[in-house]
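Observations on the three-dimensional arrangement
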Amino acid sequence: MTLFHDTHVSRGYRKGAVEQGLLSRLLARFGYAKPEAHQLRAVRDRSQGIAVSFDFVAPHLVQDRRIYVVEGQSRPLFGLVTKIAAPALSIVSVGDFASAERAIEGFGFEKALLVVDIDTLGTTTQAVETLIAFRKRSPDTPVVIGSGSFARHDFSMARGVIADASVRLPCDCVSVALAIESAVGNSAMRFRAA
C-alpha cells in the first residue's frame, strides 16, 4: 500500500469525489477527519449551495432612508439605484444638486442618502466646494459620488471630506450596491470616531 492509495475508499467514491490534495491525504492517513463522499460531492454540486449575491443593498441599511440621485438627462445611476435599493423609503431622481439639498432639508435631515454624478455639477472645483458645503450642513447624510474621470471605485473614506464612497462611471449594479453599503458604514464610522 502506498501513501497515496486508500483501499478503504470505494471505486465509485473516488470517481465522483473531488480529488484530494497531498495534505488532506496525509492527514487522512494519520486518522484525522476525513471528509465523507457526500460532503465532497456537495462541494461540487452548486445546486445545493446557498446563492450569494452582491447585486442588491442589505435592506436594513436603506429601508428607513430617502435616497436622492443627482445626475444628468440619461439617468443611468437612478436605474441602478432603483434596482438595488428597492426597500428604501423612497428613491428620487433630481435634476440639480440644490433641489436634492432642499428636499433633504425639507424632511429635517431625517435619514437620507445622496448619490451624485459629480460630472453634472460643473468643474471639479465647483463640485468639491458644493459637496464640502453640503457636508457641513448635513454631516450625517451618507454621500456616494460617481465620475467618469475617476481611475477606479473607492469604497474607503479616502474622499471623506466630500463623500463616503465613490464609483467610476459607467458602472454596474454590484459597484453601486457596494458603494451604498460602504457609504452608510463609513458615515457611521466617521461619527463613532468623532
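Residues numbered from 1 in each chain as written. Predicted model: local features only at pLDDT ≥ 70, side-chain atom pairs only at ≥ 80, totals over all residues. Heavy atoms only, no water.

When helices and strands are tallied, the protein chain shows eight helices and five strands. In the protein chain, the succession of α and β elements from N to C terminus is α-α-α-α-β-α-β-α-β-α-β-β-α. Relative to its 194 residues, the protein chain shows a buried fraction of 37%. Partitioning the intrachain contacts of the protein chain with sequence separation of at least 6 by distance along the chain shows that 61% fall at a separation of at least 24. Total accessible area on the protein chain is roughly 11,400 Å²; 58% of this is exposed by carbon and sulfur atoms. (Helix = DSSP H or I, 4+ residues; strand = E, 2+ residues; numbered from the N terminus. Buried < 20%, exposed > 50% of the residue type's maximum accessible area, 1.4 Å probe, protein only. Contact = heavy atoms within 4.5 Å. Areas by Shrake-Rupley, 256 points an atom, 1.4 Å probe, with all protein chains shown as cover.)

Here the amide bond leading from L169 into P170 is cis, since omega sits at -5 degrees, within 30 degrees of zero. The topology assignment puts P170 in the loop between β5 (165-168) and α8 (173-193).

Let us now look at the pairing of strand β4 (residues 143-147). Along β4, five of the five residues are buried, which leaves the element largely enclosed by surrounding structure. The two faces of β4 match: V143, I145 and S147 on one face and V144 and G146 on the other face are all buried. Sheet analysis places strand β3 (residues 112-117) next to β4, joined by four bridges and oriented parallel. From the neighbouring strand, V115 faces β4, where its bridge partner is V144. (Pairing = 2+ DSSP bridges.)

The next thing to look at is helix α5 (residues 76-84). Those residues of α5 that fall on the buried side of the exposure criterion are L77, F78, L80, V81 and I84. Buried residues along α5 cover an arc of 165 degrees about the axis, so they all sit on one side. (Arc of directions from axis to C-beta.)

Our focus in this paragraph is the environment of R190. Mapping R190 onto the fold places it in helix α8. By relative accessible area, R190 is classed as partly exposed at 22%. Taking the C-alpha atoms as reference points, R190 and D140, separated by 50 residues in sequence, lie 8.9 Å from one another. Setting aside chain neighbours within four positions, we find R190 in contact with R135, P139, M157 and D164.

All told, the structure shown has three salt bridges when counted by the stated rule. A salt bridge links K111 to D64; the nearest nitrogen and oxygen atoms lie 3.2 Å apart. Placement of the pair is K111 in the loop between α6 (97-106) and β3 and D64 in the loop between α4 (59-62) and β1 (66-70), with a sequence separation of 47 residues. A relative accessible area of 44% places K111 in the partly exposed class. The class for D64 is partly exposed, based on a relative accessible area of 33%. A salt bridge links D164 to R135; the nearest nitrogen and oxygen atoms lie 2.8 Å apart. Note that D164 is positioned in the loop between β4 and β5 and R135 in helix α7 (residues 124-137), a separation of 29 residues in sequence. Residues D164 and R135 agree in their burial class; the two are buried. (Salt bridge = Lys/Arg side-chain N within 4 Å of Asp/Glu carboxyl O.)

Attention now goes to the sheet that holds β5. Overall, parallel pairing links the five strands, which are arranged β2-β1-β3-β4-β5 in an open sheet. The sheet is open, and its two borders are formed by β2 (90-94) and β5, each paired with just one other strand. Each neighbouring strand pair of the sheet contributes to a mean axis angle of 15 degrees, computed without reference to strand direction. Sheet contacts for α5: β1, β2 and β3; angle to β2, the most-contacted strand, approximately 180 degrees. (Axes fitted to C-alpha atoms, helices over the stretch in contact; angles between N-to-C directions.)

Moving on to the packing of aromatic side chains. Per the stated rule, a full pass over the model turns up one aromatic pair. Centre to centre, the rings of F97 and F134 are 5.6 Å apart; their planes meet at 85 degrees, and the pair counts as edge-to-face. With F97 in helix α6 and F134 in helix α7, this pair connects stretches of sequence that are 37 residues apart. Each member of the pair, F97 as well as F134, is classed as buried. The side chain of R66 reaches across the aromatic face of F107, ending 3.8 Å from its centre. It is R159 that lies over the ring of F150; its NZ or CZ is 3.9 Å from the centre. (Phe/Tyr/Trp six-rings, centres within 6.5 Å; stacked < 30°, edge-to-face > 60°. Lys NZ or Arg CZ within 6 Å of the ring centre and 35° of its normal.)

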